[in-house]
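Okay, here's what each chain looks like letter by letter:
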Amino acid sequence: MSNGTGVTDTLTQAAETVAETAKELCTQVVEKASTAVQRARKTASKAKKAVKKTASKAGKAVSKRVAAAKKALADTSAANKKKVAAAKARKAGAKKATKKATKKATKKAAKKATAKKAAPKKATARKAAPKKAAAKKAPARKAVKKAAPAKKATAKKAPAKKKAPARKATKKK
């Protein structure tokens, strides 16, 4: 029988070939993995750049729209302020015109009233002079003067006192 040296040599060679094959496979896997990692890194960096570009474009577009909206609001606000100012000016002008018109109307009415009142007084004065009716009219004037203070006295009456509100009886518990 043999001492088994041939078997161990064969097993050793087989183990070495398996180890070499495993090493080669590992190196190939590492190489492929490293290239995959590099590709992934490149893809990630490209994606980051694309996201940055898109974000910057979106930011610029938003800022432009915001600026346009602000400008439109400012223009609208200015236009509305002008309209309000014009309306206030028209209203103030209308108030002045109505005040002037009412003053003129009251002056005209006062002139007409005084003209109408003055004419009858003169006419009565002319009639009174030849008929001696002036003596009768003098007491009437005094009576009118006396009546006027009486009206003032009635107007200055003290206000009536208010009654105190009735108190409600509280129930004892």
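Look above for the structure.
Below you will find a few notes about this structure. These figures come from a predicted structure and were not determined experimentally.

What counts as what
Residues numbered from 1 in each chain as written. Predicted model: local features only at pLDDT ≥ 70, side-chain atom pairs only at ≥ 80, totals over all residues. Heavy atoms only, no water. Helix = DSSP H or I, 4+ residues; strand = E, 2+ residues; numbered from the N terminus. Buried < 20%, exposed > 50% of the residue type's maximum accessible area, 1.4 Å probe, protein only. Areas by Shrake-Rupley, 256 points an atom, 1.4 Å probe, with all protein chains shown as cover. Patch = residues over 30% accessible without salt bridge, like charges linked within 9 Å, V, L, I, M, F, W, Y side chains within 5 Å. Salt bridge = Lys/Arg side-chain N within 4 Å of Asp/Glu carboxyl O. Lys, Arg positive; Asp, Glu negative; His and termini not counted. Charge placed at Lys NZ, Arg CZ, Asp CG, Glu CD.

### As for the overall build of the protein chain
Reasoning step 1: What the protein chain contains, in helices and strands, is two helices and zero strands.
Reasoning step 2: Buried positions account for 1% of the 173 residues belonging to the protein chain.
Reasoning step 3: With an accessible surface of roughly 17000 Å², the protein chain has 64% of that area assigned to carbon and sulfur atoms.

### Remarks on a positive patch on the surface
Reasoning step 1: On the surface, Lys-91, Lys-95, Lys-96, Lys-99, Lys-100, Lys-103, Lys-104, Lys-107, Lys-108, Lys-111 and Lys-112 cluster together into a patch of positive charge.
Reasoning step 2: With respect to the element layout, Lys-104 can be found in helix 1 (residues 5-131).
Reasoning step 3: Looking at Lys-104, the relative accessible area reads 57%, which means it is exposed.

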